[in-house]
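Close look at the chain arrangement
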Amino acid sequence: MPGYDDARTASRALATEAVHAGRDDLARQGLHAPPIDLSTTYPSYDSRGEAARIDAFATTGAEPDGPPVYGRLGNPTVGRFETALAKLEGTEAAVAFASGMAALSAVLLVRSSMGLRHVVAVRPLYGCSDHLLTAGLLGSEVTWTDPAGIADALRPDTGLVMVESPANPTLAEVDLRAVAHACGSVPLLADNTFATPVLQRPAEHGARLVLHSATKYLGGHGDVMAGVVACDEEFAGRLRQIRFATGGVLHPLAGYLLLRGLSTLPVRVRAASATAAELARRLAADPRVARVHYPRIGGAMIAFEIHGDPHEVIAGVRLITPAVSLGSVDTLIQHPASISHRIVDADDRRDAGVSDRLLRMSVGLEDVEDLWADLDGALERPVRGAGQCRQAAPPRGATSHNAPAAAGAQ
Ligand SMILES: *Cc1c(COP(=O)(O)O)cnc(C)c1O
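Residues numbered from 1 in each chain as written. Predicted model: local features only at pLDDT ≥ 70, side-chain atom pairs only at ≥ 80, totals over all residues. Heavy atoms only, no water.

Side note on the packing of aromatic side chains
According to the stated counting rule, one finds one aromatic pair in the structure shown. Judged by centre distance (5.5 Å) and plane angle (85°), the ring pair of Phe57 and Phe244 falls under edge-to-face. Linking Phe57 in helix H3 (residues 47-60) with Phe244 in helix H10 (residues 233-246), this pair joins segments that are 187 residues apart in sequence. In this structure Phe244 comes out as partly exposed when scored by relative accessible area, which is 30%. (Phe/Tyr/Trp six-rings, centres within 6.5 Å; stacked < 30°, edge-to-face > 60°. Helix = DSSP H or I, 4+ residues; strand = E, 2+ residues; numbered from the N terminus. Buried < 20%, exposed > 50% of the residue type's maximum accessible area, 1.4 Å probe, protein only.)

Shown next, in the form of structure tokens:
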């Protein structure tokens, strides 16, 4: 991109990159909003040249110079999002996919296509990531370990080490630098969905691959499903080749929405994080709550265990949306043991610290007092006890804090 690498653009702050990266050519083209290129194919009268560009792609996976040949090889609108996300994560490149799971699948396929089928992973991971590895759906074999056990778990055929930090759903954190060191020459994949590059840039700590479910904070409005891997250009080339061969491409309209989402990412994450920190503080002081998990690095996610039945809290919210997923402008709450981590074997789930009493809340941009009022009301339902939950609420203060939790451990 002309002018993109000059001294003024080399050292821009994250908030500036969020608004400008991937758009630096627009003003010179007389454009303000990025164009959406919906083409599936690209005409060319030079088929010799096109053959050479296809050969080059087959060799390195480098994006073809000039227009793409076909939508599955690349798309200019999606390319803008990839450029911007790479800039925010501090990596050479990024490769976007149809979902976070498509992105993780592509990473696993890159490694297994090189004969490196073994994965070392630290629990908890997002439920479906856990399932993909545990079930070996893509022919991989997983060894679960804690961060201290990574070095010992490595084998000659280990192709990947995978961690999430803060992890879904417990918000457990790992020391990325120490983990990257333990990996030696094996690529470390850090799922950075929860932290976003606003709070943490895993590549700076030695992660070779940074994965996002862009469905969450990057999109930010609950209306686009996407995944992306930020990494070095060499790995990106292999990911593009897998994407081309297996077809998990991102739609250009989704690429547009993600680029737009990135422009407000720092503002959204900081505002929601401030509210989340306050809610975490209030929850920690609340006798109806047994335990609060809130990461050291902050963020807009809170996990908490309650004394009563978590299903009653889900049934009791009114302003907060009872839904899986996260990272939207509105606050969402869900019960991981029932929804996001249902697919993980119950014993494995509990071993990973995902208690049946755990609730996971993604804090949005609403006013903190409105959120607290809703949460406070919802927390009263389990205290009132199962069986009375459809009846009118008793007066506040009339209830005991140590309610029997009859239905809590299903
Ligand atoms: C949601 C999620 C995923 C999966 O992403 P999809 O876009 O739903 O495919 C992966 N990792 C984490 C941490 C997630 O929260």
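As for H3
Between its terminal C-alpha atoms H3 stretches 20 Å, which fits the 20 Å expected from 14 residues at 1.5 Å a residue. Where H3 is concerned, the buried positions are Glu50, Arg53 and Phe57. All buried residues of H3 fall inside an arc of 60° around its axis, so they share one side. Facing away from the buried side of H3, by more than 90 degrees, are the exposed residues Arg48, Ala58 and Thr59. A positive phi of about 75° marks Gly61, the residue just after H3. (Expected span 1.5 Å × (residues − 1). Arc of directions from axis to C-beta.)

Concerning the sheet that holds strand S9 (residues 301-306)
Strands belonging to one sheet form pairs held by backbone hydrogen bonds; the direction of such a pair is parallel or antiparallel. Strand order in the open sheet made by the five strands is S8-S9-S12-S11-S10, with mixed pairing throughout. Sheet topology places strand S8 (289-293) and strand S10 (321-322) at the edges, where each strand pairs with a single neighbour. Sheet topology places S10 next to strand S11 (residues 332-334); two bridges connect them, and they run parallel. Of the residues in S11, the one forming a bridge with Pro322 is Ile333. Of the strands in this sheet, S8, S9 and strand S12 (358-362) touch helix H11 (residues 252-284), which is tilted by about 15° from S9. Against the sheet, helix H14 (residues 368-384) contacts S8, S9, S11 and S12, and its axis sits at roughly 25° relative to S9. (Pairing = 2+ DSSP bridges. Contact = heavy atoms within 4.5 Å. Axes fitted to C-alpha atoms, helices over the stretch in contact; angles between N-to-C directions.)

So, the sheet that holds strand S3 (residues 141-145)
An order of S1-S7-S6-S5-S4-S2-S3 is seen for the seven strands of this open sheet, with the pairing classed as mixed. With partners counted over all chains shown, the strands left at the sheet margins are strand S1 (93-97) and S3, one partner each. In this sheet, neighbouring strand axes are inclined to one another by 20° on average, regardless of whether the strands run parallel or antiparallel. Looking at chain direction, strand S2 (residues 118-122) and strand S4 (residues 158-164) are connected through four bridges and run parallel. Bridged to Val119 within S4 is Leu160. Lying on the sheet, helix H5 (residues 100-112) is in contact with S1, S2, S4, strand S5 (188-191), strand S6 (209-213) and strand S7 (227-231); it crosses S6 at an angle near 150°. The strands touched by helix H8 (residues 176-183) are S4 and S5; relative to S5, the strand with the most contacts, the crossing angle is about 155°.

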